[in-house]
Amino acid sequence: MSDAMTLVDDDILEPTLQSILDQKTLRWIFVGGKGGVGKTTTSCSLAIQLAKHRKSVLLISTDPAHNLSDAFNQKFGKDARLINGFDNLSAMEIDPNGSIQDLLAGGGEDEDPLAGMAGGMGGMMQDLAFSIPGVDEAMSFAEVLKQVKSLSYEVIIFDTAPTGHTLRFLQFPTVMEKALAKLSQLSSQFGPMLNSVLGARGGLPNGQSLDDILSKMETLRETISEVNTQFKDADMTTFVCVCIAEFLSLYETERMIQELSSYQIDTHAIVVNQLLFPKKDNECEQCNARRKMQKKYLDQIEELYDEFNVVKMPLLVEEVRGKEKLEKFSDMLVNPYIPPQ
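Residues numbered from 1 in each chain as written. Predicted model: local features only at pLDDT ≥ 70, side-chain atom pairs only at ≥ 80, totals over all residues. Heavy atoms only, no water.

- The name an unreviewed UniProt entry gives the protein chain is Anion-transporting ATPase, with Pseudovirgaria hyperparasitica as the organism.
- The heading Subunit (unreviewed entry) in the UniProt record of the protein chain holds the text "Homodimer."
- The protein chain has a UniProt comment under Sequence similarities (unreviewed entry) that states "Belongs to the arsA ATPase family." (UniProt positions renumbered as here; feature names shortened; annotations may be inferred.)

Here it is as structure tokens:
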């Protein structure tokens, strides 16, 4: 690792994510944190390590920025695609701005169960659904589950959007149930009128009725409920927090860990990125000042999270892009970093 800055003698990086690799029951792994702290680099690197231990691994980006393509220098889309150089590691990028039509459609992209609705009825249902906070992330998650359910990956890693989006994303089951309840209420009040109007205009595509749509919503809700149960099972799901040793990042990490606890989602690993480790005889004033500041926050992290696996990752002099550099970075997640003498 010649491109990493030298480590102070008493700072030894522990291979603390090894426990995640060893936990064979894990199916869902979320990687999240404040924007710009290295979530994508960490999630890609963790995926590379997991691919050494599992038969099949899927890496999913739900961040609108979609950095997976940049990280691997390979274009990804909404369908799972093998990452170049791997035979058991795939990636996909989900558009978080999904639509209610995509959610309700039972099959391909061209299906639009709301198409043909008289006047503004379809728009009214959409407006009703989208009036629920967090439903845009819910659409994204519904699309993920629809695809993942038909696939057979042993473990799925989510490269999530910045903290606020991620927390709403994990509230999806509650959002879904609210949306379903509102649509059911609408159906009870206006169903006969809607079906009458739709019948006069030829009905919905593929012979669907409003009841068919609500039935699909209910089936999806059951799937979401099943996954939500898995999310709350520490044997199946964990959340890896990524941060840097600065006040705002530490503040967001604490907020995120508290909320994850309230959702009953396991989290026991923190990756601290971009750390400076100048030599003791280093004369760079900025390096030493920054290291002093980082050490203050590192001490706080270790005090606050003494029951967490805290991984300390050094700042590199080059961007971590491409398979080779990601593999080198990933190695430091599980093997002690030995500084050059």
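1. Brief notes about the overall build of the protein chain
Here is step 1 of the chain: Looking only at helices and strands, the protein chain features twelve helices and eight strands.
Here is step 2 of the chain: Here the protein chain, with 341 residues, has 51% of them falling under the buried criterion.
Here is step 3 of the chain: Residue pairs at least 24 apart in sequence account for 78% of intrachain contacts in the protein chain once pairs closer than 6 positions are excluded.
Here is step 4 of the chain: Counting every atom, the protein chain has about 15700 Å² of accessible surface; 49% of that belongs to carbon and sulfur. (Helix = DSSP H or I, 4+ residues; strand = E, 2+ residues; numbered from the N terminus. Buried < 20%, exposed > 50% of the residue type's maximum accessible area, 1.4 Å probe, protein only. Contact = heavy atoms within 4.5 Å. Areas by Shrake-Rupley, 256 points an atom, 1.4 Å probe, with all protein chains shown as cover.)

2. Side note on the packing of aromatic side chains
Here is step 1 of the chain: Here the structure, examined in full by the defined rule, presents eight aromatic pairs.
Here is step 2 of the chain: Each residue in the set W28, F30, F158, F231 and F239 is aromatic and connected to the rest through ring pairs, giving one cluster.
Here is step 3 of the chain: When the ring centre of W28 is taken as reference, the NZ or CZ atom of R27 above it lies at 5.1 Å.
Here is step 4 of the chain: Looking at K323, its charged tip hangs above the ring of F86, at a distance of 5.0 Å from the centre. (Phe/Tyr/Trp six-rings, centres within 6.5 Å; stacked < 30°, edge-to-face > 60°. Lys NZ or Arg CZ within 6 Å of the ring centre and 35° of its normal.)

3. Quick word on helix α2 (residues 39-50)
Here is step 1 of the chain: If you check α2, its first and last C-alpha atoms are 16 Å apart, about what twelve residues at 1.5 Å a residue would give, namely 16 Å.
Here is step 2 of the chain: In terms of burial, α2 is largely enclosed, as twelve of its twelve residues are buried.
Here is step 3 of the chain: By the burial criterion, the buried members of α2 are K39, T40, T41, T42, S43, C44, S45, L46, A47, I48, Q49 and L50. (Expected span 1.5 Å × (residues − 1).)

4. Some words on the sheet that holds strand β4 (residues 89-93)
Here is step 1 of the chain: Ordered by their spatial adjacency, eight strands build an open sheet running β3-β4-β2-β5-β1-β6-β7-β8, and the pairing between neighbours is mixed. Two strands bound the open sheet, and with one partner strand each, they are β3 (81-82) and β8 (309-314).
Here is step 2 of the chain: Summarising the sheet, strand β7 (residues 269-275) and β8 pair through five bridges and their orientation is parallel. Counterpart to L275 in the pairing with β8 is P314.
Here is step 3 of the chain: Contacts from helix α11 (residues 285-304) reach β6 (237-244), β7 and β8 within the one sheet, and its direction differs from that of β7 by about 175°. (Pairing = 2+ DSSP bridges. Axes fitted to C-alpha atoms, helices over the stretch in contact; angles between N-to-C directions.)

5. Notes on helix α12 (residues 323-334)
Here is step 1 of the chain: Its twelve residues place the ends of α12 17 Å apart at the C-alpha level, agreeing with the 16 Å of an ideal helix rising 1.5 Å per residue.
Here is step 2 of the chain: Check the buried side of α12 and you find it contacts α1 (18-22), α2, α3 (68-72), β7 and β8.

6. Regarding the UniProt feature "active site" (unreviewed entry) in the protein chain
Here is step 1 of the chain: Per the UniProt annotation, the sites labelled "active site" (unreviewed entry) are D63.
Here is step 2 of the chain: Considering the arrangement of structural elements, one finds D63 in the loop between β2 (57-61) and α3.

7. A short note on unusual backbone geometry
Here is step 1 of the chain: A positive phi angle is found at N73, which is not glycine, with a value near 55°.
Here is step 2 of the chain: Structurally, N73 can be placed in the loop between α3 and β3.
Here is step 3 of the chain: You will see that Q274, though not glycine, has its phi angle at about 60°, which is positive.
Here is step 4 of the chain: You can see Q274 is positioned in strand β7.

8. Section: the UniProt feature "binding site: Zn(2+)" (unreviewed entry) in the protein chain
Here is step 1 of the chain: Mapped onto the present numbering, the UniProt feature "binding site: Zn(2+)" (unreviewed entry) falls at C284 and C287.
Here is step 2 of the chain: By the element assignment, C284 lies in the loop between β7 and α11.
Here is step 3 of the chain: Residue C284 is classed as partly exposed on the basis of its relative accessible area, which comes to 26%.
Here is step 4 of the chain: Relative to the helices and strands, C287 is located in helix α11.
Here is step 5 of the chain: When sequence neighbours within four positions are dropped, the list of residues in contact with C287 reads L276, P278 and N282.

9. Structural notes on the pairing of strand β1 (residues 28-32)
Here is step 1 of the chain: Among the five residues that make up β1, five are buried, leaving the element largely enclosed by the rest of the structure.
Here is step 2 of the chain: A two-sided burial pattern is seen for β1, the buried positions comprising W28, F30 and G32 on one face and I29 and V31 on the other.
Here is step 3 of the chain: Looking at chain direction, β1 and β6 are connected through five bridges and run parallel. Opposite G32, over in β6, you have C241 as the bridge partner.

10. Focus on the pairing of β8
Along any regular strand, the residues point their side chains to alternate faces of the sheet.
Here is step 1 of the chain: Counting buried positions along β8 gives five out of six residues, so the element sits mostly inside the fold.
Here is step 2 of the chain: Between β7 and its parallel partner β8, the chain crosses via α11, and the hand of that crossover is right-handed. (Right-handed = clockwise from strand over helix to strand, strands pointing away.)

11. Some points on the pattern of salt bridges
Opposite charge on two side chains makes pairing possible when the charged atoms of those side chains draw close.
Here is step 1 of the chain: In total, this model carries eight salt bridges according to the counting rule given.
Here is step 2 of the chain: The salt bridge partner of K295 is D299, with a shortest N-O separation of 3.7 Å. Within this pair, K295 and its partner D299 are both found in helix α11, separated by four residues, close to a single helical turn. (Salt bridge = Lys/Arg side-chain N within 4 Å of Asp/Glu carboxyl O.)

12. Looking at the environment of L333
Here is step 1 of the chain: Take L333: it is sitting in helix α12.
Here is step 2 of the chain: Spatially, the C-alpha atom of L333 lies 7.8 Å from that of Q18, the residues being 315 residues apart in sequence.

13. Concerning a nonpolar patch on the surface
Here is step 1 of the chain: On the surface, a cluster of nonpolar side chains totalling about 360 Å² of accessible area is made up of F247, L248 and Y251.
Here is step 2 of the chain: Here L248 is to be found in helix α10 (residues 247-262). (Patch = residues over 30% accessible without salt bridge, like charges linked within 9 Å, V, L, I, M, F, W, Y side chains within 5 Å.)

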